[in-house]
Amino acid sequence: TAATAGSAAAAAAARRSHRSRRRGRLVVAAVAVPSSSAAWTSLRIEFKGAPPSPASLAPLLQRPRALRRRGAAATSGARPPRRASASTSSLGEDGRSYFSMGADTLRVPFEMHRSHRQQLVESLKASAASDGASAGLNGAVVLLEGGKELPVHDTDTVWDFRQESNFQWLFGVREPDCYAAIDVATGGSLLFVPRFPEEYEAWMGPRQTLEWFKETFEVDGVHYVDDMSEVLHLTFGAKSLLTYHGVSRDSGRRLPAPRFDGSESFTIIKDARLWNALAECRVLKDEEEVRLLQFVNDVSSDAHVAVMRGIRPGTPEYHAEANFRHFAFLRGCARVGYHCICPSGSRCAVLHYGHAAFPNAEEVLPGEMKLHDMGAEYHGYTADVTCTFPVSGSCTAAQRVVYESVWKATEAVERTMAPGIVYRDMHLLAERTLIECMVSEGLFVGDVDDMQEAHLMSIFMPHGLGHSLGLDVHDVGGYPPGEQRQDDPRIDQNLRCGRKLLEGMVVTVEPGFYFVDYLIRRALSDPELARFIVLERLEELRPVGGVRIEDDVLVTASGCRVLTRVPRTVGEIESVMAGGRWEACEQPLREYRGAAAL
C-alpha cells in the first residue's frame, strides 16, 4: 500500500512538473519498510519543477552493469563500450575486473576463474603423473564449448540463456555461443567469441571488442570462433583436444563433443579424465565461492522470511513464488537455481511440486502447513533452501510433532558432520533420528534397527538426505570417480551425495517427513512394514502433509558451518510470523564441531 501510494504521488508530482516552466530538481527519498532489511527499500522519486534532462540525471542515477571492465581501446568496426563512472565502477585499486549487479550486491573477481583454470591444469597433470599417462597429454589442449541460445521450438524467440556450468566455473563468461581453450602444458587460456555483423548493434547493442573480452575475463587471448582451428594450431601448437566426456549421475545425459570448422584436423581425446578432474575440482569451494554461496543464502533467507510474512489464506500459492523472485531480483539475483516449489496442505508431500503440469496454483487454506523450497542464483551459483511453516502463524499439536522431529534430524546431522565423515552415514543418522522421534510420538512401534533394515523411512522420506551444491543445484562431485549411488544396500532412496566429506565441500542437509498417499497404501499392504505403523496416530498426523527443512552447509576443518539463516525452531518461526524482527545479516552463523567418528 505504501509503495502504491508512493508511486501515485510520484506520478502526480511528475504531471505537475511537466506543466511548470521552472528548472527541475530531483528529490530521492528512501522509504523504509518496517521489519525489513535495508536492502528491501523503495525509492520515491519526486520531481520539483520541470523534468530534469537525461544529462543532469546521469551522475545521480547510474544503471548498474553486469560486467565491469578495465579500460579497453576501441577497434575499427566496433563501437567502444562506455566506461563505468566512478560511482558505479567495480574496478578495484588493484586493477582487477569484477562481475557485479550494482549496489547492495556482491563483487566477484574474475581472478577467481583464472585460479580455477590453474587448478584444473594442476589436477590434470597430477592425475596423468599418478597414472603414468603424462605422455598422453603432450600437446593436448582442453577445449570447452559454452552454452548456446536455444530457440523456443520453431519460433524466433529463445529460452532464457544460462551458461554451461563447467564453462562458467572456468571463465565466468555470460555470453552464449563461445568456446574456450586451455593449454595443459602452460596453463594459457584463449576465449573464442562469435563474430557479429554491424546490424547486431541495432537489435542487440554494442559489439564488444576482442580487447574488451580479454581485459574483462582475464584470459591470455581472445579470437573469433571462425578462426579457432587456425589459432589453436598456431598459438598452442595443438595436436589433440581434451574434451568433456562423461555421463551426469543425475540426468544420465552427456554433453556433445565440441564441433567447429577444422575440428577434423585434431585428435579428439574422449575419456573421463577431464570429466573427473572438473568434478573433483568443483566439489571443493574456494574462498570466493564460499562468499558467493553465503551471499545467495543471505538473499534467499531474507526473501524466504519476507514471503513467509506475506502468506495469507485464500490466496494462490504462486504469490509465494512471485514474491520470492521479486525480492531476490531486488538484490541482483536475476534467476533462481531451480523451479520454485511452493505447496500447501497435502501437496507438501509432493517433492518437486510447482512444475508446469502441477504448478503453484492451488488456494492456500487456513490452518495448513506451507512448504517453500526456493533458492536465488548469482553469477551461476545457487542457494537451495527449504522452509516449512504454519499458514496461521502458530503450529497445531500435530504440525509441531512432525516439524520438531525433522528439526531434531537436521541438528543431529549438522552436529556430526566433519571431514572424514561419510555422507551416506549422515543419511542413515537422519533416518534413525526420525524413527526414534516417531516411536516417542506414537506413530511407530517396534525395534528401531528392524525398522531401518526394512527401509520403513523410504515410505516417509522418499528422497536422499542431500546433495552437493554450487553452480548446479544438484552439483557435481557427490561421489568420487568409480563410486556409484547404488553401491550401499542400506539405503533405498536416491542419495545424490554419498562420499566421505572433505573440508571445503558445500552440501545440503534436507531431511523430511511426508505423508504420501500411494506410499502409505503400499506400506499398509505389506505386513513387514504395516506392523510398525500405528493407524490411529497415522490419521492424526496425516493432515500435516509434509515437512522438509533444508540448509546449505559448508564442511569446515573441524565440523561445519550452516550458511542458511532463516528461522528454524518453532519459536523462531512463530515469532517471525507474528512480526518479530529477522534479518539474515544479523543472525549468527550456526557452527558445529563434528564428531571424529560415528
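Criteria and cut-off values
Residues numbered from 1 in each chain as written. Predicted model: local features only at pLDDT ≥ 70, side-chain atom pairs only at ≥ 80, totals over all residues. Heavy atoms only, no water. Helix = DSSP H or I, 4+ residues; strand = E, 2+ residues; numbered from the N terminus. Buried < 20%, exposed > 50% of the residue type's maximum accessible area, 1.4 Å probe, protein only. Contact = heavy atoms within 4.5 Å. Areas by Shrake-Rupley, 256 points an atom, 1.4 Å probe, with all protein chains shown as cover. pLDDT = per-residue confidence, 0-100. Pairing = 2+ DSSP bridges. Axes fitted to C-alpha atoms, helices over the stretch in contact; angles between N-to-C directions. Left-handed = near helix turned anticlockwise from the far one by under 90°. Nonpolar A, V, L, I, M, F, W, Y, C, P; charged D, E, K, R; others polar. Expected span 1.5 Å × (residues − 1). Phe/Tyr/Trp six-rings, centres within 6.5 Å; stacked < 30°, edge-to-face > 60°. Parallel < 35°, antiparallel > 145°, perpendicular 65-115°, else oblique. Core = buried A, V, L, I, M, F, W, Y, C linked by side-chain atoms within 4.5 Å. Polar contact = N/O pair within 3.5 Å; in protein donor to acceptor, adjacent residues only side chain to side chain. Salt bridge = Lys/Arg side-chain N within 4 Å of Asp/Glu carboxyl O.

**Notes on the overall build of the protein**
Regarding its fold elements, the protein presents 18 helices and 21 strands. Scored against the burial criterion, the 598 residues of the protein give a buried share of 51%. For the protein, the share of sequence-separated contacts (at least 6 apart) that also reach a separation of at least 24 residues comes to 74%. Carbon and sulfur atoms make up 52% of the accessible area of the protein, which totals about 27,000 Å².

**Regarding helix H6 (residues 210-217)**
The complete set of buried residues in H6 reads Trp212, Phe213, Glu215, Thr216 and Phe217. Of the residues trailing H6, Glu218 is marked for its positive phi of about 55°.

**Looking at the confidence of the model for the protein**
Averaged over every residue, the pLDDT of the protein is 86; residues scoring 70 or more account for 83%. Considering only residues more than four positions removed or in separate chains, one finds that residues 1-89, a stretch of pLDDT under 50, has 124 contacts.

**Describing the sheet that holds strand E20 (residues 559-562)**
Taken in spatial order, the 4 strands line up as E16-E19-E20-E21 in an open sheet, and their pairing is antiparallel. Looking at strand neighbours, the two that pair on one side only are strand E16 (506-509) and strand E21 (591-593), the edges of this open sheet. Ignoring strand direction, the axes of neighbouring strands in this sheet form an average angle of 30°. Bridge analysis of E16 against strand E19 (residues 551-555) gives 4 bridges, and the strand direction is antiparallel. Bridge assignment links Thr508 to a residue of E19, and that residue is Asp552.

**Quick look at the packing of helix H11 (residues 397-414) against helix H12 (residues 423-440)**
The geometry of H11 relative to H12 is characterised by a closest axis approach of 9 Å and an angle of 145° between their N-to-C directions. Taken as a pair, H11 and H12 cross one another with a handedness that is right-handed. Here Val402, Ser405, Val406, Lys408, Ala409, Ala412 and Val413 of H11 lie close against H12, whose contacting residues are Met426, Leu429, Ala430, Thr433, Leu434, Cys437 and Met438. Residue composition of the contact of H11 with H12, by class: 11 nonpolar, 2 polar and 1 charged.

**A few points about the pairing of strand E5 (residues 140-145)**
Across the 6 residues that make up E5, a large majority, 6, are buried. Taking every second residue as pointing to the same face, both faces of E5 are buried, with Ala140, Val142 and Leu144 on one and Val141, Leu143 and Glu145 on the other. Two elements, E5 and strand E9 (residues 240-242), share 3 bridges in a ladder whose sense is parallel. Within the sheet, the bridge partner assigned to Val142 lies in E9 and is Leu242. Examined bridge by bridge, E5 and strand E6 (residues 179-183) share 5 bridges and lie antiparallel to one another. Within E6, the residue paired with Val142 across the bridge is Ile182.

**Overview of H12**
Along its 18 residues, H12 runs 26 Å from first to last C-alpha, staying within 8% of the 26 Å computed at 1.5 Å per residue. Residues Tyr423, Arg424, Met426, His427, Leu428, Ala430, Glu431, Thr433, Leu434, Ile435, Cys437 and Met438 constitute the buried set of H12. Buried-residue contacts for H12 involve H11, helix H13 (448-453), helix H14 (457-460), E16, strand E17 (512-514) and helix H17 (535-541).

**A closer look at the pairing of E6**
The side chains of a regular strand alternate, residue by residue, between the two faces of the sheet. For E6, the tally of buried residues reaches 5 of 5 residues, placing the bulk of the element in the interior. Here E6 shows two buried faces, one formed by Tyr179, Ala181 and Asp183 and the other by Ala180 and Ile182. Of the strand pairs in this sheet, E6 and strand E7 (residues 189-193) are connected by 4 bridges, and their pairing is antiparallel. If you follow Ile182 over to E7, its bridge partner there is Ser189. Between E6 and E7, which follow one another and run antiparallel, lie 5 residues, and Gly187 among them has a positive phi close to 80°.

**Comments concerning the packing of aromatic side chains**
Inspection of every chain in the model, using the stated rule, returns 16 aromatic pairs. A ring pair is formed by Phe110 and Phe217, whose centres lie 5.1 Å apart and whose planes are at 85°; its orientation type is edge-to-face. One end of the pair, Phe110, is in the loop between strand E4 (108-109) and helix H3 (111-131); the other, Phe217, is in helix H6, and 107 residues separate them in sequence. Summarising the burial analysis for this pair, Phe110 and Phe217 share the class buried. Joined through ring pairs, the aromatic side chains of Phe110, Trp212, Phe213 and Phe217 make up one cluster.

**Considerations on the packing of helix H9 (residues 287-310) against helix H10 (residues 318-330)**
At a minimum axis separation of 9 Å, H9 and H10 run at an interaxial angle of 140°. Here H9 is positioned oblique relative to H10, judged by the angle of their axes. Here H9 and H10 pass one another in a crossing that is right-handed. Along its contact with H9, which presents Val299, Ser300, Ala303, His304, Ala306 and Val307, the element H10 presents Ala320, Asn323, Phe324, Phe327 and Ala328. Looking at the contact of H9 with H10 residue by residue, the class counts come to 8 nonpolar, 3 polar and no charged.

**So, the nonpolar core**
If you look at the biggest cluster of nonpolar residues, it comprises 137 residues, and the most contacted ones within it are Leu191, Met417, Phe444, Phe460 and Phe513. Sequence-distant contacts of Phe444, that is, excluding residues within four places in its chain, are made with Ile435, Met438, Val439, Met451, Leu456, Met457, Phe460, Phe513, Phe532, Ile533 and Val534.

**Some points on the side chain of Arg499**
Structurally, the position occupied by Arg499 is in the loop between H14 and E16. Relative accessible area serves as the criterion here: at 6%, Arg499 is assigned to the buried category. Within the structure, the side chain of Arg499 is placed 3.0 Å from the side chain of Glu280, a separation counted as a polar contact. With residues up to four places along the chain from it excluded, the contact list for Arg499 reads Glu280, Val283, Ile421, Val422, Tyr423, Gly477, Gly478, Tyr479, Pro480 and Met505.

**Digging into unusual backbone geometry**
The backbone of Asp104 sits at a positive phi, close to 65°, despite the residue not being glycine. Within the secondary structure layout, Asp104 lies in the loop between strand E3 (98-99) and E4. In this structure Asp104 comes out as exposed when scored by relative accessible area, which is 55%.

**Quick notes on the sheet that holds strand E11 (residues 335-336)**
If you walk across this open sheet you meet the 3 strands as E11-E13-E14, and the pairing is antiparallel. Strands with a single pairing partner mark the edges of an open sheet, and in this sheet they are E11 and strand E14 (381-382). Together, strand E13 (376-378) and E14 form the strand contacts of H9, whose direction differs from that of E13 by roughly 145°.

**Quick look at the pattern of salt bridges**
Taken as a whole and judged by the stated rule, the model has 42 salt bridges. A salt bridge links Arg114 to Glu111, with the nearest nitrogen and oxygen atoms 3.2 Å apart. Note that Arg114 and Glu111 are positioned in helix H3 at a spacing of 3 residues, about one turn of the helix. For Arg114, a relative accessible area of 39% gives the class partly exposed. Between Arg400 and Glu574 there is a salt bridge, with the nearest N and O atoms lying 3.8 Å from each other. Of the two residues, Arg400 is situated in helix H11 and Glu574 in helix H18 (residues 570-577); the sequence distance between them amounts to 174 residues. By relative accessible area, Glu574 is classed as partly exposed at 22%. Shared partners join several salt bridges into a network, and the residues in it are Asp160, Arg162, Arg282, Lys285, Arg335, Glu377, Asp472 and Asp475.

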